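In case you want the letters, here they are:
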Amino acid sequence: MYDRFAVDRLIDLWLTEDIGYCDLTAQTMIDESATGAFVMNAREPVIVAGIDVAARIFQRYDPALKVDVKVRDGEHAPKGAILLHVSGNARSILTAERTALNIVQRMSGIANETARYVAAIEGTRARLLDSRKTTPGLRMLEKHAVSCGGGLNHRLGLDNGVMIKDNHIAVAGSIKAAVSRARKLVPMLTKVEVECDRLDQVSEALETDVDVIMLDNMSVEDMKTAVAMINGKCKVEASGGIRLDTIRPIAETGVDYISTSKIMQSAPAVDIGLDEA
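Definitions and limits used
Residues numbered from 1 in each chain as written. Predicted model: local features only at pLDDT ≥ 70, side-chain atom pairs only at ≥ 80, totals over all residues. Heavy atoms only, no water. Pairing = 2+ DSSP bridges. Helix = DSSP H or I, 4+ residues; strand = E, 2+ residues; numbered from the N terminus. Axes fitted to C-alpha atoms, helices over the stretch in contact; angles between N-to-C directions. Domains from an automatic or database assignment. Buried area = accessible area lost by both parts, 1.4 Å probe. Salt bridge = Lys/Arg side-chain N within 4 Å of Asp/Glu carboxyl O. Polar contact = N/O pair within 3.5 Å; in protein donor to acceptor, adjacent residues only side chain to side chain. 1 Å grid on protein atoms, 1.4 Å probe; cavity = no way out; pocket = protein on both sides within 12 Å on 5 of 7 lines; lining within 4 Å. Points joined across faces, edges and corners; volume = space filled by probe spheres on them. Nonpolar A, V, L, I, M, F, W, Y, C, P; charged D, E, K, R; others polar.

(A) Representation of the sheet that holds strand E12 (residues 272-276) within the structure. The sheet built from 4 strands is open, its strands ordered E3-E5-E1-E12 with antiparallel pairing. For this open sheet the edge positions go to strand E3 (66-69) and E12, each flanked by a neighbour on one side alone. For this sheet, the mean inter-axis angle between neighbouring strands, taken without regard to orientation, is 20°. As paired elements, E3 and strand E5 (residues 82-89) share 4 bridges and run antiparallel to each other. Of the residues in E5, the one forming a bridge with Lys66 is Ser87.

Here you go:
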């Protein structure tokens, strides 16, 4: 999910960054009245994400352009599939082309990577979560891409929940003190999560009314012990050092959620092009 007003503000920044004073190539080589028709196509199999944003980029730059979106976010598009058709002023299309391609390549890459992680834990109770380790300025779109790939969003921002980490505990003095202080001030429908990297911290967290216990960088064996200790009293999240080759054993410990930044930070852009129709 994302808000169109907020996306328009981002698009204005992206286009300003790429164009500068003007598109020197388009304005010197293409007649002002020239028209054209182009298709955006998948050059490899992709899970589509950001296609409506790409369409909006073309129309934000030139409202007279006609854009026909052929797929929906979250759909699997095979190699060669046409994602959208754009026609109108040739200068406008070619000026906005790279910005449109960049965002849909980035977002679809995240969706693809997310789907790989989701597939790796299929059949377990664990659900995949993203993190706040996003590209500055692109958080809502990168998190939308995670959703397209079958993952779930963790906090959208610092105002979305209380996450008590090791440094917060150090300042507060203990897990109990930190949770107690948070509960007194936090809105009643807001969840409180505490990070534990040792089993004794899990024991202390269980003496509070915390909603989620995060097992941070624990071994698989310690995670199994922690899940048994918690025994359904609250939700359990595993985090820290999660990779595609390690996620399955972690999911099999019985945790409810597994969060990782890899699905965004390590996602390669997919190959999508714009060619003349």
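(B) Quick look at the domain arrangement of the protein chain. The domain boundaries assigned to the protein chain delineate domain 1 (4-117 + 268-276) and domain 2 (119-266). One C-alpha centre belongs to domain 1, the other to domain 2, and the line joining them spans 35 Å. Regarding the contact of domain 1 and domain 2, the summed buried area is about 1,800 Å², with carbon and sulfur atoms giving 67% of it. At the junction of domain 1 and domain 2, the tally comes to 1 salt bridge. Across the pair Glu142 and Arg106 runs a salt bridge, and its minimum N-O distance is 3.0 Å. The tally of links between domain 1 and domain 2 comes to 10 residue pairs in polar contact (both at pLDDT 80 or more). Those elements that provide at least two residues to the side of domain 1 that touches domain 2 are helix H1 (4-19) and helix H4 (90-120). The element best represented in the side of domain 1 that touches domain 2 is H4, accounting for 10 residues.

(C) Structural context of empty space enclosed by the protein. Following the criterion strictly, the structure yields 1 cavity of 30 Å³ or more and no others. Lining the largest cavity we find Asp166, Ile169, Glu195, Cys196, Asp197 and Gln201. When residues of the lining of the largest cavity are traced back to their parent elements, those giving at least two are helix H6 (166-172) and strand E8 (192-196). Across the lining of the largest cavity, the residue classes tally to 2 nonpolar, 1 polar and 3 charged.

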